[in-house]
Structures are given as C-alpha cells and as structure tokens.
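Listed here are the chains, written in short residue letters.
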Amino acid sequence: MSSNIVAVGLSNNLAVDVIIIMFIYIEKVLTKHATFVRERKMKNKLVVAAVGVIVVAASLVLEGCECRTVQFIFGDSLSDVGNNKYLSKSLAQASLPWYGIDFGNGLPNGRFSNGRTVADIIGDQMGLPRPPPFLDPSLTEDDILHNGLNYASGGGGILNDTGTYFIQRFSLYKQIELFEGTQELIREKIGKEEADKFFKEARYVVALGSNDFINNYLMPVYRDSWTYNDDTFIQYLIQTLRAQLTALHALGARQLMVFGLGPMGCIPLQRVLSSSASGGCQHRTNTLALSFNKAAAKLMDDLGKQLANSSFRFGDAYDVVSDVISNPNKYGFENSDSPCCSFGRIRPALTCLPASRLCKDRSKYVFWDEYHPTDSANQLIANELINKFGFLRLNQSSSSPSPSPSPSPAN
C-alpha cells in the first residue's frame, strides 16, 4: 500500500529529483567519514543498498499500468454469468442442472441458458476477455484489470422495485453503485491517472428492461401497474435510464452499448399466460417492447451528442428475433414456441431443474426455458448485432475463450 502511495503522490520528475538528492547526500556523508578500510567497505555496501532503493522507487514511479481493453457488463438474467449464484436468498437462480450443459465442463455456471450469453459471443468476436461475476469471492484487482467485471443479476431491472418477489437481485442502480466501489479499488492499485485511462478505454454493455415489464408493470401486484399507463411507464423507464447512463458516463464510460428488447410477448411463459386459445404471442407485450426500443434508440442518440467524447449506441435485434420465432425453419430451428427444458405438458415450468425433461436436439430450439434463449439463438442474435455494427477485433494478441460446443441431443 505504501509503495502505491509513493507512486501516486509524486510526479515522475519530482520523484526522480528527490531520489537524486538523496543519493548525492548519502555519497557526501559516506565519503567524508570513510577513512578506514572497514568503513570504506561499509560505504560500498550502503551505496549498493541506496542504488537498490533508487531502482525500486524509480520503477514504482515509471511503471504505470499495462492494462488490456476489458468489458464492464450491466444487465439481468440474459447477461448474468453467476452473480445470483452467490445471492443465497435469490429465487432467480441458474445453479442447478441442466443450466450450462453446453458450456465448458457442462456444469451450471450461473448463466440462464444451456450455453453462452449474447455478451459472451460478441466479446469473443471482439477479442475481449469474458468478465467474471462481480460476486466471485476469488477475484483480485489484477483479475479486474485483465478481465473486467460483470455485474448483471437475474431478476434485475432499470427500476429498483422490479423483481422484488425474487427477494435478492441487483437493480441497475445497485450495479452502478458496485461499479463505483470497483473504481476505488483500482485507483488504490494503480493510481488515479492510470485508473481513469483504464475505465475510459473499457467497453460497456447495459442490457436490461424486460423485467421492468414482465416482472413489474404487467403484474397487478406491483404499484406501477396501476400508477402508469403504457406511455407514461415507458417515459418513466427512459427518464430513469437517462440518469443511469449519465452516471456511468461521469464514471468514465465512453464506449457503451444498450441492448434493446426482443419480442418478449413471444417467450414461452407469455404464450402460456396468453388469453389466446392457440397460445400465440401477446400483442400488447410486444408493442411495449417496440415502444421502449424506439424511445431508447432516441435516448442513445441524444446522449451521444450531449455527453463529451462518448460513443453510445443502441443494439436492436427485435426484427431478426421476431422473424426467427415466426419462421424458425428459415434459420435452422424446429421449435420457437416452447422451452427445450421443461416438465413436459406441465406449464409453465418457471425454471429448469434436474427433474426436467430436455428436448432431443438443443440446437433446434429457440428457447432454453420459459424465459431465456438457447446458445444457438444467442449466437444468431449476436451475429445480427456484430453484422449491424461491424465490431472491430481488439486485444489482437490475446486469446479468446473457446466457443461453446455445439449443443448435442439430450443424454
């Protein structure tokens, strides 16, 4: 800690000047008193020690941080990579089989899918390291400097009240608060100037919003459902999101993307709850998603013009996901209306459990459970955003994680 304080508190020129003065002083004192051989030998030893101090001090001053470009991800269960696993009271969990069956060693890892998230895939394509979950107890400051962090939490939303019945989850405001704490740690580690540079060069993803509708506004148990109408609720969401994104910019976020909402009225859960006899998509829910996307796209355009040195973009894949759901065969899927992991005809099955039945071929299903896409569907969504924005590969010298294996037929 003391060496960090020295490196932070002195400028390069001042620190070097102080070291030189110390060296000259030591030399004069030792020369004046070195009249005997024994003293001369002692002088030589002390000079060597002084030189060692100079080398160490100079290295602390001049070293700086050789930091990689990393990601900081804020989101909900579509981006969570294990935070909720450490929230012992949370009801939004992906910690049991068969979650993660097509990722790494096939064991649950906290992702709400059989494989990768959209952010995983885009990051891999850009050569960015996969950020670990914020709550991983083994993390160090060096891990953050090399890999970034993921604050996403299943059940979280733009609004603090969203998803309260999950008991524990991180809202976007809470995630930003945790990010502020991360910044304090990194400043202590490498100094304010290097830390500011590190955070400004990082990439940021914000992917929330669906829970604010599905697990808040569209549920009569929440106050927002009778306080607002469709238009005023979206205005409320956008105003809140504006304040949150502005706060992230003030904390150094310069290159940031907000993911838009998909046709959330077509997820299996919404179909089961639909009043339609055929179990079709819920039109009102999809209309809300479209309206939110339109308002969020305008917000990102406005903030990109208003906030200094910012590149704020809106990632919208609604149309391609809607087409996949309407025409699954066109994209190599066979099922787009029910989950791969379920209890058969017992619906809705709110989560995937060891007792659940798996579909015969996971790569042919759009949805993994009642809420979340499969790895194959996430790959398609990520490809759409990659093609739309032409993401460039960063960290050319780094090796990307191995892609998730192709989902195989159920065991």
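From a predicted model like this one, the values you see are computed outputs, not experimental measurements.

Asker: Provide a residue-level description of the overall build of the chain, including the pertinent values.
Answerer: In terms of helices and strands, the chain carries 14 helices and nine strands. For the chain, the residues scored as buried account for 49% of the 411 residues in total. Pairs at least 24 residues apart make up 71% of the contacts formed inside the chain by residues separated by at least 6 positions. When the accessible area of the chain is evaluated, it comes to approximately 20000 Å², of which 56% is carbon and sulfur surface.

Asker: Give a description of helix H4 (residues 118-126) that names residues and reports values.
Answerer: Among the nine residues of H4, eight are classified as buried, and the element is accordingly described as predominantly covered. Of the positions making up H4, those classed as buried are Val 118, Ala 119, Asp 120, Ile 121, Ile 122, Gly 123, Asp 124 and Met 126. Where the residues of H4 are buried, they touch strand E1 (71-75), strand E4 (255-259) and helix H14 (375-389). Just past H4, the residue Gly 127 takes up positive phi, approximately 75°.

Asker: Which residues make up the packing of helix H6 (residues 172-190) against helix H10 (residues 230-250), and what values go with them?
Answerer: Contact geometry of H6 with H10 gives a least axis separation of 11 Å together with a crossing angle of 10°. Taken as axis vectors, H6 and H10 run roughly parallel relative to one another. Here Leu 172, Tyr 173, Ile 176 and Phe 179 of H6 lie close against H10, whose contacting residues are Thr 240, Leu 241, Ala 243, Gln 244 and Leu 248.

Asker: How would you explain the environment of Ser 322 if you had to name every residue and give the values?
Answerer: Tracing the backbone shows Ser 322 in helix H13 (residues 318-326). Note: C-alpha distance between Ser 322 and Pro 263 (59 residues apart in sequence) is 6.1 Å.

Asker: Account for unusual backbone geometry, naming residues and giving values.
Answerer: With an omega dihedral of 20°, the bond running from Pro 97 to Trp 98 counts as a cis peptide bond. Among the secondary structure elements, Trp 98 is positioned in the loop between E1 and H4. Despite not being glycine, Asn 309 shows a phi value in the positive range, around 55°. By the element assignment, Asn 309 lies in the loop between helix H12 (283-306) and strand E5 (311-315).

Asker: Hey, could you go over helix H8 (residues 210-217) for me, with residue numbers and the actual values?
Answerer: Among the eight residues in H8, eight count as buried, and that is most of the element. For H8, every residue scored as buried is listed here: Ser 210, Asn 211, Asp 212, Phe 213, Ile 214, Asn 215, Asn 216 and Tyr 217. On the buried face of H8, the contacting elements are helix H9 (224-227), H10, helix H11 (268-272) and H12.

Asker: Account for the pairing of E4, with residues named and values stated.
Answerer: For E4, the tally of buried residues reaches four of five residues, placing the bulk of the element in the interior. Note that strand E3 (residues 203-207) and E4 share four bridges and pair parallel. Each residue of the ladder has a partner; that of Val 205, found in E4, is Met 257. In this structure, E4 lies alongside E5, joined through five bridges in parallel fashion. Counted as the bridge partner of Phe 259 is Gly 315 from E5.

Asker: A description of the sheet that holds strand E2 (residues 148-150) should follow, citing residues and the corresponding values.
Answerer: Strand order across the open sheet formed by five strands is E2-E1-E3-E4-E5, with parallel pairing between neighbours. Every interior strand has two partners, whereas the edge strands, E2 and E5, have only one. Across the sheet, the mean angle from the axis of one strand to that of its neighbour is 15°, orientation sign disregarded. Relative to E3, E1 runs parallel, the two being bridged by five bridges. What sits directly across from Phe 74, in E3, is Val 206. In this fold H6 packs onto E1, E2 and E3, with an angle of close to 155° to the strand it touches most, E1.

Asker: Residues and numbers for the side chain of Thr 117, please.
Answerer: Residue position: Thr 117 is located in the loop between E1 and H4. Judged by relative accessible area, Thr 117 falls into the buried class, the value being 4%. Aside from chain neighbours lying at most four places away, what touches Thr 117 is Leu 78, Ser 79, Asp 80, Arg 111 and Asn 378.

Asker: Describe the packing of aromatic side chains, and please don't skip the residues or the numbers.
Answerer: In total, this model carries 22 aromatic pairs according to the counting rule given. Arranged with centres 6.1 Å apart and planes meeting at 85°, the rings of Phe 72 and Phe 198 form a pair that is edge-to-face. Within this pair, whereas Phe 72 is found in strand E1, its partner Phe 198 is found in helix H7 (residues 192-201), the two being separated by 126 residues in sequence. Given the relative accessible area of 0%, Phe 72 is considered buried.

The rules behind these values
Residues numbered from 1 in each chain as written. Predicted model: local features only at pLDDT ≥ 70, side-chain atom pairs only at ≥ 80, totals over all residues. Heavy atoms only, no water. Helix = DSSP H or I, 4+ residues; strand = E, 2+ residues; numbered from the N terminus. Buried < 20%, exposed > 50% of the residue type's maximum accessible area, 1.4 Å probe, protein only. Contact = heavy atoms within 4.5 Å. Areas by Shrake-Rupley, 256 points an atom, 1.4 Å probe, with all protein chains shown as cover. Axes fitted to C-alpha atoms, helices over the stretch in contact; angles between N-to-C directions. Parallel < 35°, antiparallel > 145°, perpendicular 65-115°, else oblique. Pairing = 2+ DSSP bridges. Phe/Tyr/Trp six-rings, centres within 6.5 Å; stacked < 30°, edge-to-face > 60°.

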